[in-house]
2 protein chains.
Amino acid sequence: MTTHITTKEYRRRLAAAEAAAKAQGVDALLFTPGADLMYLCGYEAVPLERLTCLMITPEGPAAIIVPELEVLAAEASPVAALGIQIVPWSETASPYRTLAKRLKKANKVAVAPQMWASHVFALQEQLRVARFRSDDIVADLRMRKSKVEIAALVEAGEAIDRVHAQVPALLRPGRTEREVGADIAALILSEGHATVDFVIVASGPNGASPHHEVSERVIEEGDPVVVDIGGTMPSGYCSDCTRTYAVGHPPAEFREAYAVLKAAQRAAVDHVRPGVTCESVDAAARDVMAAAGLGSAFMHRTGHGIGMSTHEEPYIVAGNTTVVEPGFAFSIEPGFYLPGKFGARIEDIVVATDSGAVSCNNQSHDLVVVDL
Amino acid sequence: MTTHITTKEYRRRLAAAEAAAKAQGVDALLFTPGADLMYLCGYEAVPLERLTCLMITPEGPAAIIVPELEVLAAEASPVAALGIQIVPWSETASPYRTLAKRLKKANKVAVAPQMWASHVFALQEQLRVARFRSDDIVADLRMRKSKVEIAALVEAGEAIDRVHAQVPALLRPGRTEREVGADIAALILSEGHATVDFVIVASGPNGASPHHEVSERVIEEGDPVVVDIGGTMPSGYCSDCTRTYAVGHPPAEFREAYAVLKAAQRAAVDHVRPGVTCESVDAAARDVMAAAGLGSAFMHRTGHGIGMSTHEEPYIVAGNTTVVEPGFAFSIEPGFYLPGKFGARIEDIVVATDSGAVSCNNQSHDLVVVDL
């Protein structure tokens, strides 16, 4: 199956954004290409120097400014069926002026958090009295997943689980991280993703760098290998899952720390239920690590929301007092990183439900020791 | 060969940016992950919600703010050898405050054009008196390609030419655009690119949409097919090349228009030499199209600069009076688009030299009729 977002669902999202804008006294919501635009109207335009911008005002109806050469592409998207007016601009015109004309009376303007600075400044030049801010209305909507969105995340989780199931066979001493990474990228596609978003294969000491990607390092016998991978499905929803493997037998120090990590990840998952704060989920994992003397080796937050972006609200981090609701979807991914030695991380995407966390990823959390 | 940017070249770029900032009275240049950051220091970080930001001031030396979990990744990049100070921030701290502390006296701040709005607004909140603008200093530096950059673009051109050479064999009636596109994506990688950036396979009437990507449309006998493809090489430099194919014999109306298009593309390439304006290069192609009654069917600019981004300065468009200099690299890609019927485009990347344009793409411009 491929999850499909209906016109009805897009209408619901647009109406919710419109209502929130009204409630907050925001005169215009502006979205350039990116996940927010995809979420609101299913238009998958590429962010480029030519302005494409969806405009939502409390008075509705929405309009989208598009370069003339992309009118047919916009018409082929769900935009047309949603009754969003398509407003083309020609190559030698100013799209900012076109947009500003429609927003003459706007005082408060909220823009997509990922809008390019060049677009922001050009709009501000045209709308000198308006106050601009980074929009958080759509982030808030996106945080609360509907049934169809949860189905899409489950589908993405199953696809990346099928990739992880094939990773042990790729990990052999003598192969480089880059070679293994290329094989994994091919599997991410063949198991159903539309794009490969990231491939981390961090072997031996490289495992101590949480955002290591791949390198020419040759995998050696005894290496722990952190494999953190994800892609975007045809539905537009993302996968993200980490497992740590051992190529042959890793040091005892690693095994001991790994056992703590497994317990920490479990503790955070078990803690998830409606009503707890995001920072308390972080603390649940962190406390286990700290009690075992691994607190300083776990230097990143426990997780991030996921949906049409790999990273989105809610962030599972100290200081975030947002209260978990059913439908929140986020990663739980504690790790430990010992520079010069090795690192490890276990990551699942979970969805909060009334009865606790349901995991989208279901490969075993045990350390997979690759037999040589 | 793989083109490699030396530490010396990065130093030259950083020094040039520093000098231009001084000359323009800019107190700080700020770069989040993207092509400008790659160009200046070779650090290929992913643009995410966590702030990574290179700071260049006229007093130098440069510093880069990075999330604590990415310190090892930054150290593994050319950043360390360039003497750029790495300033980590921990998950619960404010990177904007850290950055602002170092920019207390800044009045004029220029930021990467692609910096996210969320980062811009958070910085403005910390630096309330500073005036912000979109940086054009680095775009200006990037417009003038060095010898090694030209070599990288030639290498990218050769790689995408090898892909185009294999396209006719993929175009068969009965195949969908999506199937052909998947094969082309695989070839883009196997011919030496590190990433696939875009694949347009626009058959029959879809050819009338310049930014069509792929669809489920089944290719039919007699279809013209526009194939516009590109990727990024391991060097960080991009390819971008369009050819139009005919699957079997296309209508006479198409053949006649195609002959005009070929002449228009040639006219623009022949016009390129130091001293002419970018808009005159556009006009050279446009005049040929207009004289044959195809003026309104050619609704986009003639081209865009290319380097570490697929689209960058200079834009070959009416209104751009920038004067061409040796080392400018840009596309020349006129097209015609007849809604409901078909479209065509011919695109090469050319580099301006003292003796005229040198093309990085060298597949024939003749209409390739695929024999069935």
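Because the structure is a prediction, the values reported are computed rather than measured. Numbers given for residues are sequential positions, taken from 1 along each chain in its written order. Whichever chain is written first becomes A and whichever ligand is written first becomes 1, with later ones labelled in order. Reporting in this predicted model follows two pLDDT cut-offs: at least 70 for local features of residues, and 80 or more for side-chain atom pairs to be given and counted; totals over whole chains, interfaces and linings ignore these cut-offs and use all residues. Each side-chain value is worked out from all heavy atoms of the structure, with water and hydrogens disregarded.

Points about the pattern of salt bridges
Pairing between side chains of opposite charge can happen when their charged atoms approach one another. The condition is simple: Salt bridges, as used here, are contacts in which a Lys or Arg side-chain nitrogen is within 4 Å of a carboxyl oxygen on Asp or Glu. Only DSSP runs of H or I reaching four residues or more are called helices, and only runs of E reaching two or more are called strands; each is numbered from the N terminus. Here's how the labels work: a residue is buried when its accessible area is under 20% of the maximum for its type, exposed when over 50%, partly exposed in between, all with a 1.4 Å probe on protein chains only.
With the rule as written, the count across this model stands at 48 salt bridges over all chains. For the salt bridge of A:Glu49 with B:Arg301, the shortest nitrogen-to-oxygen distance reads 2.6 Å. On the criterion of chain membership, the pair formed by A:Glu49 in the loop between α2 (35–41) and β2 (53–56) and B:Arg301 in the loop between α10 (278–291) and β10 (303–305) is interchain, its members lying in two chains. The class for A:Glu49 is partly exposed, based on a relative accessible area of 22%. Between A:Asp270 and A:Arg266 there is a salt bridge; the shortest N-O distance is 3.1 Å.

What about the sheet that holds strand β8 (residues 224–232) of chain B?
Two orientations exist for strands paired in a sheet by backbone hydrogen bonds: parallel and antiparallel. All names here are of chain B. The condition that has to hold: Whether two strands pair depends on DSSP finding at least two bridges between them. Angles here are taken between N-to-C directions and fall from 0 to 180 degrees, while the axes themselves are lines fitted to C-alpha atoms, restricted in helices to the stretch in contact. In what follows, a contact means two residues having at least one pair of non-hydrogen atoms within 4.5 Å.
With respect to topology, 4 strands assemble into an open sheet ordered β7-β8-β9-β17, the strand pairing being mixed. Unpaired on one side and paired on the other, β7 (195–203) and β17 (368–370) mark the two borders of the sheet. Averaged over all neighbouring strand pairs, the angle between strand axes comes to 25 degrees, with direction disregarded. Note: strand β9 (residues 241–247) against β17, 3 bridges, orientation parallel. Its bridge partner lying in β17, Val-247 is registered against Val-370. Against the sheet, helix α7 (residues 147–166) contacts β8 and β9, and its axis sits at roughly 5 degrees relative to β9.

Here's the deal with the domain arrangement of chain A
All names here are of chain A. The following threshold applies: Here the limits of each domain have been adopted from an automatic or database domain assignment. What counts as buried area is the accessible surface, traced by a 1.4 Å probe, that two parts surrender upon association, with contributions from both included. In protein, a polar contact means a hydrogen-donor-capable atom and an acceptor-capable atom, both N or O and within 3.5 Å, with residues adjacent in sequence counting only if both atoms are side-chain atoms; elsewhere, any N or O pair within 3.5 Å suffices. Lys, Arg, Asp and Glu make up the charged group, whereas Ala, Val, Leu, Ile, Met, Phe, Trp, Tyr, Cys and Pro make up the nonpolar group; the residues left over, Gly among them, are polar.
Segmentation of chain A into domains returns domain 1 (7–141) and domain 2 (147–370). Contact with domain 1, which involves 6 residues of that partner, is made by 7 residues of domain 2. With both sides pooled, the region where domain 1 packs onto domain 2 buries about 490 Å², and carbon together with sulfur makes up 60% of that total. Looking only at domain 1, the three residues that lose the most surface to domain 2 are Ala-35, Met-38 and Tyr-39, adding up to 52% of its buried area. Our count for the domain 1 to domain 2 interface comes out at 1 salt bridge. Joining domain 1 to domain 2, the criterion identifies 1 residue pair in polar contact (both at pLDDT 80 or more). In terms of residue count, α2 provides more of the side of domain 1 that touches domain 2 than any other element does, 3 residues in total. Among the residues making up the side of domain 1 that touches domain 2, the classes are represented as 4 nonpolar, no polar and 2 charged.

Here's the deal with the packing of helix α5 (residues 117–126) of chain A against helix α5 (residues 117–126) of chain B
The geometry of a pair of packed helices is captured by two quantities: the angle between their axes and the separation between those axes. To be explicit about the condition: Rotating anticlockwise by less than a right angle from the far helix to the near helix defines a left-handed crossing, while the corresponding clockwise rotation defines a right-handed one.
Packing of α5(A) against α5(B) brings their axes to within 9 Å, and their N-to-C directions diverge by 60 degrees. Crossing angle aside, the handedness with which α5(A) passes α5(B) is right-handed. Each of A:Ala117, A:Val120, A:Phe121 and A:Gln124 in α5(A) lies in contact with α5(B), whose residues at this interface are B:Ala117, B:Val120, B:Phe121 and B:Gln124. Its residues assigned to classes, the contact of α5(A) with α5(B) shows 6 nonpolar, 2 polar and no charged.

Side note on the interface of chain B and chain A
Taken together, the contact between chain B and chain A spans 37 residues of the former and 37 residues of the latter. Each partner contributes to the roughly 3,200 Å² buried at the junction of chain B and chain A, and carbon and sulfur atoms together form 63% of this total. A per-residue breakdown of the area chain B buries against chain A is headed by B:Leu69, B:Phe121 and B:His211, which together make up 19% of the total. Across the contact surface, chain B and chain A share 2 salt bridges. Linking chain B with chain A are 14 residue pairs in polar contact (both at pLDDT 80 or more), by the criterion used here. Looking at the side of chain B that touches chain A, the elements that each hand over two or more residues are α3 (71–75), α5 and β6 (131–134) of chain B. Of the residues that constitute the side of chain B that touches chain A, the class distribution is 20 nonpolar, 9 polar and 8 charged.

Digging into the relation of the copies chain B and chain A
Think of it as a corkscrew move, a rotation about one axis and a shift along it, taking one chain copy to the other. Put simply, the rule is: Superposition of the copies used a least-squares fit over C-alpha atoms from residues whose pLDDT is at least 70 in both.
Structural alignment of chain B on chain A gives an RMSD of 0.0 Å, achieved by rotating through 180 degrees and translating 0.0 Å along the axis. A rotation of that kind, with that shift, is consistent with a two-fold axis. Of all interface residues in chain B, 100% are interface residues in chain A too; the two copies therefore contact each other through one and the same surface.

Describing the packing of aromatic side chains
Put simply, the rule reads: When two rings of Phe, Tyr or Trp (its six-membered ring) have centres within 6.5 Å they constitute a pair, described as stacked for plane angles under 30 degrees, edge-to-face for angles over 60, and tilted for the intermediate range. Consider the ring centre and the ring normal. A charge sits over the ring if Lys NZ or Arg CZ is within 6 Å of that centre and within 35 degrees of that normal.
With the rule as written, the count across this model stands at 6 aromatic pairs over all chains. Taken together, A:Phe254, A:Tyr258, A:Phe336 and A:Phe342 form an aromatic cluster joined through their ring pairs. Stacked on the ring of A:Tyr39, the Lys or Arg A:Arg13 has its end atom at 4.1 Å from the ring centre. One cation-aromatic arrangement involves B:Arg286 over B:Phe298; the distance from NZ or CZ to the ring centre is 4.1 Å.

Thoughts on the nonpolar core
Residue and element names in this part refer to chain B. Threshold: Only buried residues count toward a nonpolar core. Its members are Ala, Val, Leu, Ile, Met, Phe, Trp, Tyr and Cys residues joined through side-chain atoms within 4.5 Å.
By size, the foremost hydrophobic cluster in this structure holds 42 residues, and its most contacted members are Leu-29, Phe-31, Leu-40, Tyr-43, Leu-54, Ile-56 and Ile-84. With 6 residues, the top contributor of residues to this core is helix α2 (residues 35–41). Counting contributing residues, this core receives three or more from each of domain 1 (7–141) and domain 2 (147–370). With residues near it in sequence (within four places) discarded, Leu-29 still touches Ala-17, Ala-21, Leu-54, Met-55, Ile-56, Ala-110, Asp-135 and Ile-137.

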